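Fold and geometry: a report
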Amino acid sequence: MSLLDVSNLDAGYGDLQVLSGVDLRVDSGEYVAVVGPNGAGKSTAMKAIFGIADRMGGSITFDGADIAELPPETVIRQGLSYVPQTANVFPSLTVAENLRIGAYILDGTPEERREAVFDRFPVLADRLDETAGALSGGQQQMLAMGCALMLDPDLLLLDEPSAGLAPDLVDEMFDRIDAVNEAGTAVLMVEQNAKEALRRCDRGYVLASGENRYEDAGDALLNDEEVRRQFLGG
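Residues numbered from 1 in each chain as written. Predicted model: local features only at pLDDT ≥ 70, side-chain atom pairs only at ≥ 80, totals over all residues. Heavy atoms only, no water.

1. Digging into the environment of Gly133
For the record, the criterion: Numbering of helices and strands runs from the N terminus, with a helix taken as a DSSP run of H or I at least four residues long and a strand as a DSSP run of E at least two residues long. Contacts are assigned to residue pairs that have any heavy atoms within 4.5 Å of one another.
As for its placement among the helices and strands, Gly133 is situated in the loop between α5 (122-126) and α6 (137-149). For the pair formed by Gly133 and Val95, sequence separation is 38 residues and the distance between their alpha carbons is 9.3 Å. Filtering out sequence-adjacent residues up to four positions away, Gly133 remains in contact with Pro91 and Gln140.

2. Thoughts on the sheet that holds strand β4 (residues 54-62)
Here is the rule: By the convention used here, strands pair only if DSSP detects at least 2 bridges between them. Note on definitions: angles span 0 to 180 degrees between N-to-C directions of axes, and those axes are lines fitted to C-alpha atoms, for helices only across the stretch in contact.
Reading across the sheet, the 4 strands line up as β2-β1-β4-β5 and stay open at both edges, with antiparallel pairing between neighbours. The open sheet has two edge strands, β2 (16-26) and β5 (65-66), and neither has a second partner. Both β4 and β5 contribute to a ladder of 2 bridges, which runs antiparallel. Each bridged residue has a counterpart across the sheet, and for Thr61 the counterpart in β5 is Asp66. Sitting on the sheet, helix α1 (residues 42-50) touches β1 (4-13), β2 and β4, and the angle it makes with β1 is about 110°.

3. Things to note about the sheet that holds strand β8 (residues 186-190)
Backbone-to-backbone hydrogen bonds join strands into a sheet, with any given pair of strands oriented parallel or antiparallel. A sheet is described by the order of its strands in space; here 6 strands give the open sequence β6-β7-β8-β3-β9-β10, paired in mixed fashion. The sheet is open, and its two borders are formed by β6 (80-83) and β10 (211-217), each paired with just one other strand. In this sheet, neighbouring strand axes are inclined to one another by 15° on average, regardless of whether the strands run parallel or antiparallel. Pairing of strand β3 (residues 31-35) with strand β9 (residues 203-208), which is carried by 4 bridges, proceeds in the parallel orientation.

4. Considering the nonpolar core
The criterion, for reference: Residues enter a nonpolar core if they are buried and are Ala, Val, Leu, Ile, Met, Phe, Trp, Tyr or Cys, with the set joined through side-chain atoms within 4.5 Å. Here's how the labels work: a residue is buried when its accessible area is under 20% of the maximum for its type, exposed when over 50%, partly exposed in between, all with a 1.4 Å probe on protein chains only.
In this structure, Leu99, Phe121, Leu143, Leu158, Ile177 and Met189 are the most contacted members of the largest nonpolar core, which totals 43 residues. Ranked by the residues each element gives to this core, the list is headed by α6, at 7 residues. Membership of the second largest hydrophobic core comes to 34 residues, among which are Ala11, Leu19, Ile49 and Ile76.

5. Observations concerning the pattern of salt bridges
Note the cut-off: Think of a salt bridge as a Lys or Arg side-chain nitrogen and an Asp or Glu carboxyl oxygen that are within 4 Å of each other.
Per the counting criterion, the structure on display carries 13 salt bridges. A salt bridge links Arg25 to Asp27, with the nearest nitrogen and oxygen atoms 3.4 Å apart. Of the residues examined, Arg25 reaches a relative accessible area of 27% and is grouped as partly exposed. Close ionic contact of Arg25 with Glu215 constitutes a salt bridge, the shortest N to O distance being 3.7 Å. Of the two residues, Arg25 is situated in strand β2 and Glu215 in strand β10; the sequence distance between them amounts to 190 residues. By relative accessible area, Glu215 is classed as partly exposed at 43%. One network of salt bridges, in which partners are shared, links Arg25, Asp27, Glu30, Arg203 and Glu215.

Laid out in structure tokens, this is it:
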């Protein structure tokens with residue numbers, strides 16, 4: 001049974017429908033990337049799964065339970081965490097305070113969870129008392145992921161984790177995501193850096209105009225001549 005199963009999803013915002021009949025699946029421990037052109041509906045799919053965008057039709061199940069009608073504050077308690085592309089940390093609060101907020105549904109801030117985050121993002125341990133706004137863009141993204149991982153989720157949703165990063169930091173960010181997945185957390189990632197995302201993931205989806213276009217193993221999509229021509233710049 002799939003960990004996450006999205007079937008025939010229609011979603012959008014108010015009267016604006018963005019997605020039409022989208023299917024997505026993530027198995028336990030799997031690393032799945034969603035790529036496609038700007039405006040394809042990739043981020044809307046993530047938001048619909050997490051209960052932020054409006055679901056207009058279709059089903060969303062997580063670990064066998066229907067989560068389609070659940071608000072985000074309930075979804076997160078099911079074992080699913082989400083890192084949005086922007087505004088994903090509290091810049092005026094310290095690193096330690098941001099991590100504490102990440103664990104807000106727990107009783108206190110479990111030290112073992114914090115240590116697990118530091119194992120994956122050592123720079124955070126060195127800057128605990130600094131405000132998040134003083135961190136570099138890459139460090140803020142690490143903090144955002146660290147906050148999401150404080151709950152030790154079964155599935156981590158990442159929306160454009162490399163967006164806005166300097167080119168020399170992109171590989172490091174992907175390496176960090178690889179490590180999170182290798183430690184046992186399933187990852188569903190939306191990413192504009194399609195070639196790198198497909199190179200690293202187990203399986204990928206290509207969305208365009210709010211619909212599924214291709215689904216296959218990451219390396220198969222990367223080497224598919226038609227996918228490369230249409231979506232990867234040749």
